[in-house]
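Residue-level listing of the chains:
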Amino acid sequence: MLFSSLWKSRYKTHFGAADCWWRPGLVVLLCWSCVTQLTCGNLTLEESKHLVIQRDGEFDMTYNDTVTSENQTIYAFNHTVSRNKTEGVRVSVDVLSQNLKSPILFVVRQKQAVLSFQVPLILRGLYQRKYPYNHLGRTLCQPPTKAASETQYFFVDVSTLSSQGTNYQLRVSRVESFTLQTDKTFSFTASPSQPQYFKYVFPEGVDTVIVKVSSDMNFPCSVMSIQDIQCPVYDLDNNVAFIGMYQTMTKKGAITVQRKDFPSNSFYVVVVVKTEDEACGGPLRFYPLRPDELIDAGNRSKILDVVVSPAIESEVYVMGMLFCLGIFLSFYLLTLLVACVQNKRAKRRALFHNIADTSPAETASLLGKTSDGKTSASPNEYGSLDSTVSSEAVTESAPSIDSATSADNYGYIGREPFKRRPILNQMHHIAIRFERSLENVGRSRQESLSSIEEDDYDTLDDINSDKNIVRTKKYLCVSDLSRKDKRVLSKKYQIYFWNIATIAVFYALPVIQLVITYQTVVNVTGNQDICYYNFMCAHPLGALSAFNNILSNLGYVMLGLLFLLIVLKRDIVHNRALSCNDVNALECGIPKHFGLFYAMGTALMMEGLLSACYHVCPNYTNFQFDTSFMYMIAGLCMLKLYQKRHPDINASAYTAYACLAGVIFFSVLGVVFGRGNTVFWIVFSVIHILATLLLSTQLYYMGRWRLDSGILRRMVYIVYTDCIRQCSGPMYIDRMVLLVMGNIVNWSLAAYGLIERPNDFASYLLAIAICNLLLYFAFYIIMKLRSGERIRCLALVCILFTAVVWGFALYFFFQGLSTWQKTPAESREHNRDCILLSFFDDHDIWHFLSSIAMFGSFLVLLTMDDDLDAVQRDKIYVF
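This is a predicted model, so every value here is computed, not measured.

Draft legend 1. The pairing of strand β16 (residues 245–249), seen in detail. The buried fraction of β16 is high, at five of five residues. The alternating pattern of β16 places M245, Q247 and M249 and Y246 and T248 on opposite faces, both of which are buried. As paired elements, strand β15 (residues 222–228) and β16 share five bridges and run antiparallel to each other. Among the inter-strand pairings, M224 is bridged to a residue of β16, identified as Q247.

In structure tokens, the structure reads:
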């Protein structure tokens, strides 16, 4: 129209003056308009090459579309979100085209979150392995809403940079069971490209729950995670560890969740299947031939079950603590009852003993007649007799002073309380007391021990010249090996207690600091694979993840303290008897030295403390905390058994603890370098065998041999004279039998370690110590009975009770609720539910029973030789 009108205007005959100036401007304007239209047309053609297609999406409908670099598809969805009900939305994508040069990019835009992923999805494994996945499924994050009901929109954008058309399928569906219900099991399927997560809301009145995920399939390896209600949700193998608590699993996994850790009173349970199984102990795939080579992961789908159950309430915590205290306080009451009974019997026997030594006139003045003809003693008279009670009387020892072994001489005179002993027997008794009093003139028992040293004072002046003769006799008695001054030996053995107390302080403080750091790292990072708990029965308290495993170690501490009190009581009574110059305390029975007993009680208490520290975060690196004092307990028990009949030649505290330090040193080396290291096992086995031979020689010759340059010459001479020149048996047959059996056991253990090379080196080392202790204890009991000695009723009860308790304790120990010899995921396969009061598991019961069994074992060592308290030491054989 514009051009036609202008054309017509040129042929008009009348022109006005105004027409002269606007016609050129109109032409310019028209030209600019034409140029603008042409330019806009060109832009429209360029835009037409990249189309944006918008569609209204519907739930549960599968869209089969094609995408190229020239078009982009946007799907718009809407759904209603309720404040009281959370409905999950899941986006599933499958790429049908093969050999794609460029992936398809999916971007899901929500109100408060954006989720993007590419297909094929490339997940990386170890050593830069790449695994492509063409089928993906992702659940959209659902942020909480404040409104009662709200309609929310989200958009799914599909695009690619590939010029070739790529076919894909898209499906958006609702997850009906998105919110988990309490105590209801829900089954689902997950894979590395199709993770799953669900929401759980704490019910009213429930502050702690335990989330359990299980499967019938060991592999593929999977990860369960607990995350707060926030976007985004980290649900892929490469980011699931970024937030929250997580743990790997094969067949079983469990995490205890507390309401206080989640301000929204709800959380997500995320389950991810890993691209590789190496983290769960599975095989590691081959190396790729080329750096960028894609590896087919195969079918890695896994069917799992999840259930959320309420954890125990606070009343169960209180019940568990009261139960634990009640069990071990009952031992205090039982000990008090036994002490009262023994004290009463000791007073009665002491009364009859003094009556038998008095004349008829003194007896009549000592005893009064009641109206019914029975005799009675006043309380004052009992009190006067109490000061004369010896330590042997308290331990039910016979009150006889004579060295004979007949019933009369053992003091069974209570059956005839008014029968007078023969005059010669009384004169002999007086002569012994007088002789003992002369020997102790000028030697006060209250003298300070600080000025007495073992090396510069001996009981006999010639002990350094004749001990080679005394100790090499064919038949030794305790009197031959108890010649040194009692004060010197008492000081020597008290060093055991003070040294172990010092070691305990310097060892325990860094351990406590380290395990607190471990627990802090677990709480901050959320990595549940650091600690090997029984997650099916791990009850948290404060910052502690498994309070029940810590509480059950209380028995070691309480019973160790009780044993120290029992030893202290015996020590006081024995010192009182020595101060009264009691003949039985001075000349009879096994020499009483209590330093090793104090060290044993302290070691038992420290075992409880360090075992509790270990169970704060049990793992492979800190297992030595749980075993270090076990080595010490085993070593101290063997030293105490040897000390009983060899008090003069027992090892000093410095030598003993140096040897135990060497054992712990090898334990650390075994933990660090021993796993699968053949060289280490060869070196250790050689050292083990050599140490066994050296100790055997030391025990056989009672220390009367020298390790010098002439040792080989002397060995050849002995073989020539005793085996070639004339065939003669060993001089000390009993000792030889023990040492041969010990060498067989130790050589067998060394061969087992060299062949099998067990992963748990610390337990292997502990097994060596326990086997040697049991062998020596059995030998001691057999030789004691073989020598005509007997075992008192109290000691026999302790032996039988301890054996039964040890049997039950070992049964629970070998249940194996967890093991750090395997991966954390494999260890969780052994996890089981609580079996006692819904609070304690099998390992807690092991703690209870083993602490009781150790306490009983210590009592056996304390009381097993009480029958010798009235026997002269020159009639007690050494073996």
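Draft legend 2. Molecular detail of the packing of aromatic side chains. This model, assessed by the stated rule, comprises 52 aromatic pairs. Between F331 and F855 the ring centres are 6.1 Å apart and the planes differ by 85°, which places this aromatic pair in the edge-to-face class. In this pair, F331 is assigned in helix α3 (residues 314–356) and F855 in helix α22 (residues 842–863), connecting sequence segments 524 residues apart. Across this residue pair, the class does not change: F331 and F855 are buried. A network of ring pairs unites the aromatic residues F665, F666, F680, W681, F684, Y752, F761 and Y764 as a single cluster. For R174, the ring lying beneath its charged end belongs to F59, and the centroid distance is 3.9 Å.

Draft legend 3. Up close: the nonpolar core. Core analysis: the largest hydrophobic core is formed by 111 residues, its most contacted members being Y496 and L636. In this structure, F77, V95, L136 and A297 belong to the second largest nonpolar core, which totals 30 residues.

Draft legend 4. A look at the state of the cysteines. Counted under the stated rule, the structure contains four disulfides. Covalently, C531 is tied to C617 through a disulfide, its sulfur atoms 1.9 Å apart. Where C531 bonds to C617 through sulfur, the torsion about that S-S bond is close to -90°, and the disulfide is left-handed. Within this pair, whereas C531 is found in the loop between α9 (486–525) and α10 (547–551), its partner C617 is found in the loop between α13 (595–616) and α14 (624–645), the two being separated by 86 residues in sequence. In this structure C793 is not part of a disulfide, and its nearest cysteine sulfur, from C798, lies 9.4 Å away. In this structure C793 comes out as exposed when scored by relative accessible area, which is 56%.

Draft legend 5. Spotlight on a nonpolar patch on the surface. Together, I682, V686, L690, L693, W747, L754 and I755 make up a nonpolar patch on the protein surface, roughly 650 Å² of accessible area in all. Counting residues per element, the ones that place at least two in the nonpolar patch are α16 (678–700) and α18 (733–756). Per element, the largest residue contribution to the nonpolar patch is four residues, and it comes from α16. Its place among the elements puts I755 in helix α18. With a relative accessible area of 62%, I755 lands in the exposed category.

Draft legend 6. View of the pattern of salt bridges. A complete count under the given rule lists 18 salt bridges for this structure. Among the salt bridges present, the one from D867 reaches K784, with a minimum N-O distance of 2.9 Å. Taken together, the residues D867 in the segment after α22 and K784 in helix α19 (residues 761–786) connect sequence positions 83 residues apart. Each member of the pair D867 and K784 is classed as buried. Because the salt bridges share partners, they merge into one network encompassing K644, R645, K784, E789, D865 and D867.

Draft legend 7. How the structure looks around the sheet that holds β15. In space, the four strands of this open sheet follow the order β13-β18-β15-β16, with antiparallel pairing throughout. Of all the strands in the sheet, the pair left with one neighbour each is β13 (196–201) and β16. Averaged over all pairs of adjacent strands, the angle between their axes in this sheet comes to 20°, without regard to strand direction.

Draft legend 8. A look at the packing of α9 against α13. Look at α9 against α13: their axes get within 9 Å of each other, and the N-to-C directions meet at 5°. Relative to α13, the element α9 lies roughly parallel. Along the contact surface, α9 presents Y493, Q494, Y496, F497, I500, A504, Y507, A508, V511, I512, V515 and Q519, while α13 presents G595, L596, Y598, A599, T602, A603, M606, L609, L610, C613 and V616. Partitioned by chemical class, the residues of the contact of α9 with α13 number 19 nonpolar, four polar and no charged.

What counts as what
Residues numbered from 1 in each chain as written. Predicted model: local features only at pLDDT ≥ 70, side-chain atom pairs only at ≥ 80, totals over all residues. Heavy atoms only, no water. Buried < 20%, exposed > 50% of the residue type's maximum accessible area, 1.4 Å probe, protein only. Helix = DSSP H or I, 4+ residues; strand = E, 2+ residues; numbered from the N terminus. Pairing = 2+ DSSP bridges. Phe/Tyr/Trp six-rings, centres within 6.5 Å; stacked < 30°, edge-to-face > 60°. Lys NZ or Arg CZ within 6 Å of the ring centre and 35° of its normal. Core = buried A, V, L, I, M, F, W, Y, C linked by side-chain atoms within 4.5 Å. Disulfide = S-S within 2.5 Å. Patch = residues over 30% accessible without salt bridge, like charges linked within 9 Å, V, L, I, M, F, W, Y side chains within 5 Å. Areas by Shrake-Rupley, 256 points an atom, 1.4 Å probe, with all protein chains shown as cover. Salt bridge = Lys/Arg side-chain N within 4 Å of Asp/Glu carboxyl O. Axes fitted to C-alpha atoms, helices over the stretch in contact; angles between N-to-C directions. Parallel < 35°, antiparallel > 145°, perpendicular 65-115°, else oblique. Contact = heavy atoms within 4.5 Å. Nonpolar A, V, L, I, M, F, W, Y, C, P; charged D, E, K, R; others polar.

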